[in-house]
Amino acid sequence: MEFGFDMNKNAKAIQEFKSFLDQKKKAPGPLMPALQHAQDVFGYLPKEILQLISKRLQIPLAEIYGVATFYSQFTFIPKGENKISVCLGTACYVKGAESILEEIENQLGIKSGQTTPDQRFSISSARCVGDCSIAPVILVNEEVYAKVKKDDIKTILGKFM
């Protein structure tokens, strides 16, 4: 699945990002702050922005990819408008969270870690969201859904269609 990054649509943000890079390039270790700032601004790390970082900071693209792929905080896939997180911690798992995740994947036609082609939804899994007493738990845009059953998924997703 290929997502296009629109340089024209993001022109203002890119110009501000270039200024940020110019400020950081003389500081020691500018790559991590550059990647973090890029992800904050653009929501993910588009290849065009990684190329810009490489050029502006004079860091080989391979080194940038090495760092960006090492840390799980970075993503090369844009997140959907609606972010779904399914808790797979022990309490949620034993109460059927895995089948809930599969149902969400089936209804949206994507797997965990992916974004729908229309960029409306993205799915991820979490190890524990800290609400074990109401397991299984899913979050949609930080809204908590408790004691979720497979039959609830269509209704929950329908709120965001």
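This text goes with the structure placed above it.
Residues numbered from 1 in each chain as written. Predicted model: local features only at pLDDT ≥ 70, side-chain atom pairs only at ≥ 80, totals over all residues. Heavy atoms only, no water.

1. Structural notes on unusual backbone geometry
Link 1 in the chain: In the segment running from Ala-135 into Pro-136, the intervening peptide bond is cis, with an omega of -5 degrees.
Link 2 in the chain: Looking at the element boundaries, Pro-136 is found in the loop between strand S2 (121-126) and strand S3 (138-140).
Link 3 in the chain: The phi angle at Asn-141 is positive, at roughly 50 degrees, despite the residue not being glycine.
Link 4 in the chain: Looking at where Asn-141 falls in the secondary structure, it is placed in the loop between S3 and strand S4 (143-145).
Link 5 in the chain: For Asn-141, a relative accessible area of 32% gives the class partly exposed. (Helix = DSSP H or I, 4+ residues; strand = E, 2+ residues; numbered from the N terminus. Buried < 20%, exposed > 50% of the residue type's maximum accessible area, 1.4 Å probe, protein only.)

2. Focus on the sheet that holds S4
Link 1 in the chain: Strand order in the open sheet made by the four strands is S2-S1-S3-S4, with mixed pairing throughout. The open sheet has two edge strands, S2 and S4, and neither has a second partner. Across this sheet, the average inter-strand angle for adjacent strands is 20 degrees, counted without regard to direction.
Link 2 in the chain: Relative to S2, strand S1 (residues 82-87) runs parallel, the two sharing six bridges. Across the sheet, residue Ser-85 finds its bridge partner in S2, namely Ser-124. (Pairing = 2+ DSSP bridges. Axes fitted to C-alpha atoms, helices over the stretch in contact; angles between N-to-C directions.)

3. What to know about the side chain of Gln-39
Link 1 in the chain: Along the polypeptide, Gln-39 turns up in helix H2 (residues 31-42).
Link 2 in the chain: There is a polar contact of 3.0 Å between the side chain of Gln-39 and the backbone nitrogen of Thr-75. (Polar contact = N/O pair within 3.5 Å; in protein donor to acceptor, adjacent residues only side chain to side chain.)

4. Structural notes on the nonpolar core
Link 1 in the chain: Ranked by internal contacts, the top residues of the largest apolar core, which has 24 residues, are Ile-84, Val-86, Ile-104, Leu-108 and Ile-138.
Link 2 in the chain: Secondary structure elements with two or more residues in this core: S1, helix H6 (97-108), S2, S3 and helix H7 (153-158).
Link 3 in the chain: In terms of residue count, H6 provides more of this core than any other element does, five residues in total.
Link 4 in the chain: Once residues within four sequence positions are removed from consideration, Ile-104 is found in contact with Ile-84, Val-86, Ile-123, Ile-138 and Ile-153. (Core = buried A, V, L, I, M, F, W, Y, C linked by side-chain atoms within 4.5 Å. Contact = heavy atoms within 4.5 Å.)

So, to be careful, I would describe these as geometric facts and stop short of saying anything about function.
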